[in-house]
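# Topology and contacts: notes
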Amino acid sequence: MESLSPRNANSPHTLSYTRPYRSKRHPPCDPCRRKKLRCQAERGNACQRCQTSGSLCTFGGLQAVHQPSTALPDANQASPPSAQRVTAVQPVEELNVAVNTDDSARCQSEPILPLGPSAGPDSGEVPSSEPVTTAPATYHFPERPPAQAIQTLDQLHGFSYQVIGASGESDPWLLRHCKFDDHGFLLFHQVHFRNAGGVPLDEKIPVHFLVTTDELYGSTKNETAIPRSQSLREELNSLVPLDCGQKLVALFVKFIFPTLPVISRSLFGLTSTRITPDQHVLNNMPVHLLAAIYASAQPFTKFDEYLSVLNAYSTPPTEQLWRIVWEILLQEIHTPHLAALQAGLLYLHKAPGKSQSAVADSASVWSFVGLLVGLATSLGLQLECGPMGLPAWERRLRRRLWWAIYAEDKWRSLLMGRPPYIRHDEWDVTELDDNDFHIDETQIVLLSPPSSPLAQDVLHAQQFQCFARLSLIAESALRSSQRLSSNFSESLKTARPLLQKLREWYVHIPAPLRLHDRLFASIDGTGPQLTCLHFAYTLLEVFIFRALLRPMVRSATPPPLFEETEASTNFTAALDDYIFHIMESDEIEPTPAIDLSNENGAGSAVLKAAENCAAKMLRLVMRMAYSDLAGYWFSWSRIGFATVSSFILLLLVQAPSKDHAIRARRLVHMWRQALRRQSEGSSLMNLALVRLDGIYWTGLCRNYYLPKHVKEALDETVYQ
């Protein structure tokens, strides 16, 4: 790659000269002419702008004109510097704004030290063949550029970027004093600084990005690259021809985007009425993102006539597509873009194989979540991008991606019992609104009937907004569980505001998103995935009541610890035999930690509410139609179903009376039946069913210390 040094003689930004401008009665001074600013000068006197900045104010000099150019050269091209350009996929809805970050534009403000006629092209001085009187060297603050052009940051081909943190080695408060050009760039050799634009605001960190050519990370990318005989794009097009890819993108937008809106429809050239992208657009998309979209949409090919017939006679290449995604991600983590995060989120939600559907997630899943959180924060998604100088489509995509990765962190940490990666005080992105899902015809929505594609698109946007707000409550539940109290009254004090937040969330969701009782559900997938949303809502209630049940019963005394040697083993065996003869096993059972004799007391009320919560989840699952289970679900949902299994078992094992034990036994029995029936159409239930069947196969009494009244309830064979 050619150096981007401003003194490169072959630079595409070599200055050309025009005749002095003499047509006006009071022509502008040379500095204002170069900056295209209004010159406030009286005849014979320096202009007010030059006086304020302490600049040399001259008239009649030669005008420096920059040739039209884009900003950074494409690091992947071997063309000479004069032909280097940045190529970016411009969205349909955005204006084409030139990316001008050349070195000569970097110094449009006057230099601190005038360099005289021998100054280089980056000096800011006006080259002239006539002698120029050099003014005394004076120090002054550079005049800020009047405006910064909006341009993309993610679509700079051959360059990657990362945000500069507040405590990073490049101090953001030092960088704010730099002389950025009118596109926010400060260029060096292969490493550049980009001012985000629009910030800092009050109490905001000055946001800057480090933009680096990919060539610097070529060796590290090769270390994680997997050798292949053909290019990955060629392999992708051989697995999925472009005409099939167009249909798969349309299916993705219809079935997956409402639940996980991680792509930019603008970049694909899509609108509410145009749901199929052009083939040349697909050819310009990153391979790993396309492969992830194709693989995610494969389960919905039955809703496309052509793909349905095609897959009837051949096996879809889903596994090969996910393999391509994984291989490219191993390289892209060194030079990430938004596409790496998009593909990674889709990879995280890929459906497990049939042999893995009843197996808990491996530790690598949580590690991969950490990798994606690291990518998101490196790209600066944790910072509010509304005021940044980025195209509208890019700001919308960054905001949606942040909330997607935020939700992923909170729900998986809650379900897997892990401390979250994202702390609640280290991000400032505001909540999503309808503008974050903007498409070209959004302004016509109010004139469209409720069943129109435009109104449907707004409904899909509201679905993810509601889910994002629900994830905030999940974060509160997660923090509360980390401060778990063995005191029941303290736990109840913590749980009440959480339950109140859930009630308020449900009250404020749009009426079309509420799950009404129905005999039949839509089978064409046109409606929003309401069941998945309401399952997440009810699952949070399960977590709250499960936490409340824990301090209601005392834990058993922990057993004594010993070093496992032959002598101690013999002694322990003899001791166990002695204890067995003097103590009935029934005496080692859960004992209430609070008084449950008062039916109107807080303990009894919580227990009844927990049983009602279990029944509510049971009704939700029993009423799921085939279309509900065939829709797009978050991959962590199967852990959620298994969580419900343990919650209902907790109600049985800790039942304080025979009546409560009978009710809990019925709930467990009906839950098992519901899982068995619904698992025939979906693998989401397999893990939850295996967890219960494993317990019953070996026997509840063998696995748990049970009170006598619970054993009596289990001995009754009639389920009513």
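Just so we're clear, the structure is a prediction, and the values are computed from it rather than from any experiment.

On the basis of which strands lie adjacent, the open sheet formed by 4 strands has the order β3-β6-β5-β4 and antiparallel pairing. Every other strand in the sheet has two partners, leaving β3 (159-163) and β4 (185-186) as the edge strands with one partner each. In this structure, β3 lies alongside strand β6 (residues 208-213), joined through 5 bridges in antiparallel fashion. Paired with Phe159 across the strands is Thr213, a residue of β6.

Time to look at the environment of Leu492. Note on placement: Leu492 falls in helix α16 (residues 488-508). Along the primary structure Leu492 and Leu549 are separated by 57 residues, whereas in three dimensions their C-alpha atoms are 10.0 Å apart. In this structure, Leu492 is in contact with Leu548, Ala602 and Val606, ignoring residues within four places of it in sequence.

Here the focus is the side chain of Lys221. Residue position: Lys221 is located in helix α5 (residues 218-223). With a relative accessible area of 16%, Lys221 lands in the buried category. When sequence neighbours within four positions are dropped, the list of residues in contact with Lys221 reads Gln331, Glu332, His334 and Thr335.

Aromatic rings in a pair are described by how distant their centres are and how their planes are angled relative to each other. Taken as a whole, this structure holds 26 aromatic pairs when the rule is applied. Here Trp402 and Trp427 contribute two aromatic rings whose centre-to-centre distance is 5.9 Å and whose plane-to-plane angle is 45 degrees, an arrangement assigned as tilted. Separated by 25 residues along the polypeptide, Trp402 in helix α14 (residues 392-416) and Trp427 in the loop between α14 and α15 (453-482) bring together distant segments of the chain. Taken together, the ring pairs in this structure connect Trp411, Phe437, Phe464, Phe467, Phe634 and Trp636 into an aromatic cluster. When the ring centre of Tyr347 is taken as origin, the NZ or CZ atom of Lys350, which lies over that ring, is 5.3 Å away. One cation-aromatic arrangement involves Arg400 over Phe437; the distance from NZ or CZ to the ring centre is 5.7 Å.

This part is about the UniProt feature "transmembrane region" (unreviewed entry) in the chain. Cross-referencing UniProt, the feature "transmembrane region" (unreviewed entry) maps to residues 632-653 in the present numbering. End-to-end, the C-alpha atoms of residues 632-653 are 34 Å apart, and along that stretch the chain is 77% helix and 0% strand.

Thresholds applied
- Residues numbered from 1 in each chain as written.
- Predicted model: local features only at pLDDT ≥ 70, side-chain atom pairs only at ≥ 80, totals over all residues.
- Heavy atoms only, no water.
- Pairing = 2+ DSSP bridges.
- Helix = DSSP H or I, 4+ residues; strand = E, 2+ residues; numbered from the N terminus.
- Contact = heavy atoms within 4.5 Å.
- Buried < 20%, exposed > 50% of the residue type's maximum accessible area, 1.4 Å probe, protein only.
- Phe/Tyr/Trp six-rings, centres within 6.5 Å; stacked < 30°, edge-to-face > 60°.
- Lys NZ or Arg CZ within 6 Å of the ring centre and 35° of its normal.
- UniProt positions renumbered as here; feature names shortened; annotations may be inferred.

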